[in-house]
Amino acid sequence: TSGLGSGYDWHDVDFVDENTGWVVGTWIKVAKTTDGGNTWTEQDIGLGFGTILTLRVIDAVNAMVAWAAGDEGTLVTTTNGGSSWRIVELPATYSAASVYGLYFLSDLAGFVVGSFGGVVLATVRGGDMWSWRNSTSPIAYD
């Protein structure tokens, strides 16, 4: 396996098929493979290499769309296979919280959980607008 570098802790990996997948880890590292993990290419997510944050989870919807999240409310998405990443803002109340899980159905709709005190964040607008509910109650959209 080449291209992953040494000295990083990798925290999550997600594949959309037998060839295409992403891995995330410390120092806000993201790498993508298109050959089943034989080679990996690091991607710049726009927060500056060397930032002391950890990406903890990634959810690849398909070969073009992926979401990644981690420490201090870090949430990013790509819709072009990782050529560029967009920083997504969480609601101010949760912007300093760590994200530990996410699940996205598309580039627009998904859920985020973390150190939010039992709250599930949901979006149907690609993170431009969020709805939140206690994890024991249903999420309803206006």
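See above for the structure.
Residues numbered from 1 in each chain as written. Predicted model: local features only at pLDDT ≥ 70, side-chain atom pairs only at ≥ 80, totals over all residues. Heavy atoms only, no water.

Description of the packing of aromatic side chains
Put simply, the test is: Stacked, tilted and edge-to-face are the three classes applied to pairs of Phe, Tyr and Trp rings, where Trp contributes its six-membered ring and a pair requires centres within 6.5 Å; stacked means planes under 30 degrees apart, edge-to-face means over 60, and tilted covers the rest. Only DSSP runs of H or I covering at least 4 residues are called helices, and only runs of E covering at least 2 are called strands; the numbering of each starts at the N terminus. Residue burial is assigned from relative accessible area. The probe radius is 1.4 Å, only protein chains are included, and a residue is buried under 20% of its type maximum, exposed over 50%, and partly exposed in between.
Evaluated as defined, the whole model comprises five aromatic pairs. A centroid spacing of 3.8 Å and a plane angle of 5 degrees characterise the contact between W67 and F104, whose relative ring orientation is stacked. Of this pair, W67 sits in strand β6 (residues 66-70) while F104 sits in strand β9 (residues 99-104); the two residues are 37 residues apart in sequence, bridging distant segments of the chain. For W67, a relative accessible area of 0% corresponds to the buried category. Judged by its relative accessible area of 3%, F104 is buried. Their ring planes at 75 degrees and their centres at 6.0 Å tell us that Y94 and W132 sit as a pair that is edge-to-face. Placement of the pair is Y94 in the loop between β8 (86-87) and β9 and W132 in strand β12 (residues 131-134), with a sequence separation of 38 residues. Three or more aromatic residues joined by ring pairs form one cluster here, namely Y94, F116 and W132.

Here's the deal with the side chain of T54
Let me state the cut-off plainly: For this analysis, residues touch if any pair of their heavy atoms sits within 4.5 Å.
Here T54 is to be found in the loop between β4 (41-43) and β5 (55-60). Not counting chain neighbours up to four residues away, the residues in contact with T54 comprise H11, G25, T26, G70 and D71.

Structural notes on the sheet that holds β12
Note: strands within a sheet are paired through backbone hydrogen bonds, in either parallel or antiparallel orientation. Just so we agree on the cut-off: In this description, strands pair whenever DSSP reports at least two bridges between them. Working convention: axes come from line fits to C-alpha atoms, limited for helices to the stretch in contact. Angles between N-to-C directions cover 0 to 180 degrees.
Within the open sheet, the four strands sit side by side as β9-β10-β11-β12. Their pairing is antiparallel. Edge positions in the sheet fall to β9 and β12, since each of these pairs with one other strand and no more. Taking each pair of neighbouring strands and ignoring which way they run, the sheet shows an average axis angle of 20 degrees.

Observations regarding a nonpolar patch on the surface
Using the following cut-off: In this scheme, patches are assembled from residues that exceed 30% relative accessible area and form no salt bridge. Like charges are connected within 9 Å, while nonpolar side chains (Val, Leu, Ile, Met, Phe, Trp, Tyr) are connected within 5 Å. Accessible surface is estimated by sampling points in the Shrake-Rupley manner with a 1.4 Å probe; for residues, cover comes only from the protein chains shown. Counted as salt bridges are all cases of a side-chain nitrogen of Lys or Arg within 4 Å of a carboxyl oxygen of Asp or Glu.
The grouping of Y103, L105 and F111 at the surface amounts to a nonpolar patch, some 310 Å² of accessible area in total. Tracing the chain through its elements places Y103 in strand β9.

Notes on the nonpolar core
Which entries qualify depends on this criterion: What we call a nonpolar core is a set of buried Ala, Val, Leu, Ile, Met, Phe, Trp, Tyr and Cys residues that are connected through their side-chain atoms within 4.5 Å.
Core analysis: the largest hydrophobic core is formed by 17 residues, its most contacted members being L75, L102, V112, F116, L121 and W130. Broken down by secondary-structure element, the contributors of at least two residues to this core are β6, β9 and β11 (119-123). Looking at which element gives the most residues to this core, the answer is β9, with three residues. Those residues in contact with W130, other than ones at most four positions away along the chain, are L75, V88, E89, L90, P91, F104, V112, L121, A122 and T123. Core analysis: the second largest hydrophobic core is formed by 13 residues, I28, L55, A66 and A68 among them.

As for the environment of G21
Here G21 lies in strand β2 (residues 21-25). For G21, a relative accessible area of 0% puts it in the buried group. Residues G21 and W40, spaced 19 residues apart in sequence, show a C-alpha to C-alpha distance of 9.3 Å. Setting aside its immediate chain neighbours within four residues, G21 contacts D14, F15, A31, K32, T33 and W40.

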